[in-house]
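As a plain string of letters, each chain reads:
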Amino acid sequence: MECLKMRKTYSYIGNLADFLINNEQRIKNLMLEYEIQSKIDTLPDGRDVKSLLFTKHNVSVRFTPVRIDFTYAYTRPDSVDDSFAAAKNFFNLFSEIFYDILGHRIAIVSQSFIKNNNDEAIHEFTQKMGFQSAFGTCNELNFKINCPKTLFEPINSVINIDMGEAKNNKTQEKMKVLLVSIDVNTLASNQRPRFNPSDFDLDFKELLEEVQVQENKLALY
């Protein structure tokens, strides 16, 4: 089955409320070339914090009290995967200004879709996985599995497949698809601040390799 790329998100996760409260204008200065949206979040301690979303072309960067997300959207499903280089360039620049930021966790989420006209992808997937022989012909699918591994430290490697729709932006035509999400992340149980955006290449290299391993496995079905 061919997985058609939609977007990849690279995330630093941690307690960023004070960072946002104290550095809103400095963040905006860094993101001057981006369009900005904001909303107010109320924390459990009653403080109000402004979350910020910046967008430019096919890139968006979101700052919230608990994470920083860099999302790279593919202009075409067959686009060259420049997401890692784009995220690395951003976080290296970010760390030059905010050099003391540390995340408790890191994550990559890769999102793609598989064409599912006439439920063909469901039938193919369930047949190859052995579900069809066990349960009979299927026309609905919601599949999630976590394959934990140890890389530079223990991680989760989660594959989630669900039903959905995609729209052709040129023709506005909608089609049935299977939505595929691969989420590779460090464990929530380890909350020690240890990930600095200046080390993006070192921190995310093995996570990206694991994402690519899972993408290649899905392509075999």
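Residues numbered from 1 in each chain as written. Predicted model: local features only at pLDDT ≥ 70, side-chain atom pairs only at ≥ 80, totals over all residues. Heavy atoms only, no water.

Where a strand is regular, its side chains alternate between the two sheet faces. Inspection of the sheet shows strand 7 (residues 143-146) paired to strand 9 (residues 154-167) by four bridges, in the antiparallel sense. Looking at strand 9, one finds that F143 is bridged to I161. Taking the residues between adjacent antiparallel strands as the criterion, strand 8 (residues 149-150) and strand 9 are bridged by three residues. As defined by bridge partners, strand 9 adjoins strand 10 (residues 174-186) across 13 bridges and the pair is classed as antiparallel. Its bridge partner lying in strand 10, M163 is registered against L178. The hairpin formed by strand 9 and strand 10 contains six residues between the paired strands, and Q172 there has a positive phi angle of roughly 65°. (Pairing = 2+ DSSP bridges. Helix = DSSP H or I, 4+ residues; strand = E, 2+ residues; numbered from the N terminus.)

So, on to the layout of surface pockets. Reported here for the largest pocket is a volume of approximately 630 Å³. Lining of the largest pocket is provided by 20 residues; of these, P77, F113, K167, N168 and N169 occupy positions nearest its centre. Of all the secondary structure elements, the ones that give two or more residues to the lining of the largest pocket are strand 1 (4-13), strand 6 (105-115), strand 9 and strand 10. For the lining of the largest pocket, the leading source of residues is strand 1, giving four residues. (1 Å grid on protein atoms, 1.4 Å probe; cavity = no way out; pocket = protein on both sides within 12 Å on 5 of 7 lines; lining within 4 Å. Points joined across faces, edges and corners; volume = space filled by probe spheres on them.)

The α-helix advances 3.6 residues per turn, and as a result positions three or four apart in sequence lie on the same side. Over its 15 residues, helix 2 (residues 83-97) runs 22 Å from end to end, which matches the ideal 21 Å to within 8%, given 1.5 Å per residue. Burial in helix 2 covers these residues: S83, F84, A87, F90, F91, F94 and S95. All buried residues of helix 2 lie within an arc of 135° about the axis, which places them on one face of the element. Every exposed residue of helix 2 that faces more than 90 degrees away from the buried side is listed here: N89 and E96. (Expected span 1.5 Å × (residues − 1). Buried < 20%, exposed > 50% of the residue type's maximum accessible area, 1.4 Å probe, protein only. Arc of directions from axis to C-beta.)

Mapped onto the secondary structure, E210 falls in helix 5 (residues 200-219). A residue is classified by how much of its surface remains accessible, and E210, at 5% relative accessible area, is buried. Beyond its immediate sequence surroundings of up to four residues, E210 is in contact with K149, L151, I155, S157 and V184. (Contact = heavy atoms within 4.5 Å.)

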